[in-house]
Amino acid sequence: MEKTIRYFLLIMIVTGALFAYGCFGDELFDSDVEDGTVMSEKKPVAPTPVSTPEPTPRAMPMNTENSAMMDGSTPMMEMMLAYKNGTYSAEAGYLSPAGNESISVSLTLDNDIVTAVNLVPHASNETSIKFQSAVKNAAPALIIGKKLTDIGAFSKISTSSLTLMAFNQAISSIKASAKN
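Rules used in this analysis
- Residues numbered from 1 in each chain as written.
- Predicted model: local features only at pLDDT ≥ 70, side-chain atom pairs only at ≥ 80, totals over all residues.
- Heavy atoms only, no water.
- Helix = DSSP H or I, 4+ residues; strand = E, 2+ residues; numbered from the N terminus.
- Buried < 20%, exposed > 50% of the residue type's maximum accessible area, 1.4 Å probe, protein only.
- Contact = heavy atoms within 4.5 Å.
- Areas by Shrake-Rupley, 256 points an atom, 1.4 Å probe, with all protein chains shown as cover.
- Patch = residues over 30% accessible without salt bridge, like charges linked within 9 Å, V, L, I, M, F, W, Y side chains within 5 Å.
- Salt bridge = Lys/Arg side-chain N within 4 Å of Asp/Glu carboxyl O.

(A) Seen up close, the overall build of the protein. Tallying secondary structure elements over the protein gives 4 helices and 5 strands in all. Shown N-terminal to C-terminal, the secondary structure of the protein runs as helices and strands in the order α-β-β-α-β-β-β-α-α. Of all 180 residues assigned to the protein, the portion counted as buried reaches 25%. Looking at the protein alone, contacts between residues at least 24 apart form 49% of all its contacts between residues at least 6 apart. Looking at the protein as shown, the accessible area adds up to about 12800 Å², and 59% of this sits on carbon and sulfur atoms.

Below, the structure written as structure tokens:
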């Protein structure tokens, strides 16, 4: 057992010496005296700095249509969004006492937040024009700045129910087409 320990220690010493020689080269085994000066009294020489080139930043090409990366991957932020950024439009109609009426709704989304809304009335009847205009004027205050996921079906805007039904239908259609 004692012999085994001695061999083990000898192997460790030899391995350490070989490792040190590989790391430090001949400097490790130079004599302690050089030019009449003891090595321990010599001032250490500062190592020469090695300059590493700065990495060149590379821009990733983007597909402006849906802001997905050209290689088919999707940016992390976009994967977390419920809806794609962009402007979406939908038209919805309803039957009023005066006949068929319709409205067009356009929403702009940025990171799931409604940043703009535009409602275009297509009414021909004076009463329908009044209700559609009321919804058009009230809608921006109700949905701009809100997450599209938080916008549900409105039950009443400016006493209009039929125009509101079409507005809710257009919002649902936009949600479906903008889904991420």
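There's plenty left to go through after this.
(B) Focus on unusual backbone geometry. One non-glycine residue, asparagine 111, adopts positive backbone phi at about 55 degrees. Examined against the element boundaries, asparagine 111 turns out to sit in the loop between β4 (99-110) and β5 (113-121). Residues other than glycine seldom take positive phi values, yet aspartate 112 does so here, at roughly 70 degrees. Its location among the elements puts aspartate 112 in the loop between β4 and β5.

(C) A nonpolar patch on the surface, seen in detail. A cluster of nonpolar side chains, Met1, Ile5, Phe8, Leu9 and Met12, forms an exposed patch at the surface whose accessible area comes to about 580 Å². Following the sequence through the fold, methionine 1 ends up in the segment before α1 (2-24). Classification of methionine 1 as exposed rests on a relative accessible area of 76%.

Read these as layout, nothing more, since geometry by itself doesn't imply function.
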